[in-house]
Amino acid sequence: DAGITQSPRHKVTETGTPVTLRCHQTENHRYMYWYRQDPGHGLRLIHYSYGVKDTDKGEVSDGYSVSRSKTEDFLLTLESATSSQTSVYFCATGTGDEKLFFGSGTQLSVL
Amino acid sequence: RKEVEQDPGPFNVPEGATVAFNCTYSNSASQSFFWYRQDCRKEPKLLMSVYSSGNEDGRFTAQLNRASQYISLLIRDSKLSDSATYLCVVNILNTDKLIFGTGTRLQVFP
């Protein structure tokens with residue numbers, strides 16, 4: 001399995017506060033992704049990165065920003081958390097052949 | 001219409017049974033297809049890619065039907081450990097993005 005670590009694993013926060021989730025990989029994969037998973041929806045892409053400092057929006061990017069200053073780290077920031085952002089967040093990496101390797105997920109609750 | 005649709009199930013089958021899931025996709029430009037497996041409260045993991053000619057990996061067989069725009073996953077001789085949610089994943093031509101279905105839940109009972 002690819003070495004992908006997400007932190008924190010669980011977080012409870014209040015509406016309006018900023019939140020940053022971290023994804024760290026040891027596989028030197030070029031591509032990194034942030035997804036959210038909610039009941040009744042498939043995994044939905046928030047943002048992705050195709051290299052250091054190269055990022056692009058996914059289908060549900062509103063309210064989220066990302067940064068990738070090093071190959072191994074991809075940060076997801078909720079600028080001002082809302083209850084609709086309560087979800088399970090998965091980081092994934094890939095080599096460009098469309099096969100993804102996922103981290104263990106972060107359960108985020110916004111109260 | 002959703003881009004990728006799956007029957008959510010659950011499919012409840014006894015050990016040893018054969019079970020099949022279908023997944024339909026709406027974009028005829030889709031190029032690549034995959035099945036992922038997700039255990040409860042865990043991350044998805046790649047089960048197998050789906051090739052135009054179909055492919056088999058042990059008890060698992062994946063097929064692609066481009067004319068009808070669906071892919072299928074067949075599991076033979078079901079094991080208790082096969083209990084999981086199976087996610088259908090489709091890419092869109094000339095994009096870096098994959099579209100995930102909501103998954104089909106399989107429960108294998110003794």
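Keep in mind that what you see is a predicted model, and the values were worked out from it rather than measured.

Q: What's the story with the overall build of chain B in this structure? I'm lost.
A: On a plain count of helices and strands, chain B comes out with 0 helices and 11 strands. For 110 residues, the compact-globule estimate of 2.2 N^0.38 gives 13 Å, and the C-alpha radius of gyration of chain B, at 13 Å, lies within 12% of that figure. With 110 residues in all, chain B has 47% of them scored as buried. Long-range pairs, those at least 24 residues apart, make up 57% of the contacts in chain B with a sequence separation of at least 6. A total accessible area of about 5,400 Å² is found for chain B, and carbon and sulfur atoms account for 47% of it.

Q: Sorry, what's going on with the state of the cysteines here?
A: In protein chemistry, a disulfide is the covalent bond that joins the sulfur atoms of two cysteines. Going through the model one piece at a time under the given rule, you end up with 2 disulfides over all chains. Two residues share a disulfide in this structure: Cys23(A) and Cys91(A), whose sulfurs sit 1.9 Å from each other. On the sign convention where negative means left-handed, the S-S torsion of about -70° between Cys23(A) and Cys91(A) marks this disulfide as left-handed. With a gap of 68 residues between them, Cys23(A) in strand S3 (residues 19-25) and Cys91(A) in strand S9 (residues 87-94) connect regions that are remote in the sequence. Here Cys23(B) engages in a disulfide with Cys88(B); their sulfurs sit 1.9 Å apart. Residues Cys23(B) and Cys88(B) are joined by a disulfide whose S-S torsion is about -70°; by sign, that bridge is left-handed. Within this pair, whereas Cys23(B) is found in strand S3 (residues 19-25), its partner Cys88(B) is found in strand S9 (residues 84-92), the two being separated by 65 residues in sequence. The same class applies to Cys23(B) as to Cys88(B), namely buried.

Q: Which parts of the structure should I look at to understand the packing of aromatic side chains?
A: How two aromatic rings sit relative to each other is set out by the distance from centre to centre and by the angle between their planes. Using the criterion set out here, one finds 13 aromatic pairs over all chains in the structure. Linked through ring pairs, Tyr33(A), Tyr35(A), Tyr48(A), Tyr50(A), Phe90(A), Phe102(A), Tyr36(B) and Phe100(B) together constitute an aromatic cluster.

Q: Quick question: what am I supposed to make of the environment of Leu73(B) here?
A: Residue and element names in this part refer to chain B. Structurally, the position occupied by Leu-73 is in strand S8 (residues 70-75). Classification of Leu-73 by relative accessible area gives buried; the value is 1%. A C-alpha to C-alpha distance of 15 Å links Leu-73 and Gln-107, two positions 34 residues apart in sequence. Apart from residues lying up to four places away in sequence, Leu-73 is in contact with Val-19, Ala-20, Phe-21, Trp-35, Leu-47, Met-48, Phe-60, Thr-61 and Tyr-86.

So, how was this worked out
Residues numbered from 1 in each chain as written. Chains lettered and ligands numbered in written order. Predicted model: local features only at pLDDT ≥ 70, side-chain atom pairs only at ≥ 80, totals over all residues. Heavy atoms only, no water. Helix = DSSP H or I, 4+ residues; strand = E, 2+ residues; numbered from the N terminus. Rg over C-alpha atoms; globule rule 2.2 N^0.38 Å. Buried < 20%, exposed > 50% of the residue type's maximum accessible area, 1.4 Å probe, protein only. Contact = heavy atoms within 4.5 Å. Areas by Shrake-Rupley, 256 points an atom, 1.4 Å probe, with all protein chains shown as cover. Disulfide = S-S within 2.5 Å. Phe/Tyr/Trp six-rings, centres within 6.5 Å; stacked < 30°, edge-to-face > 60°.

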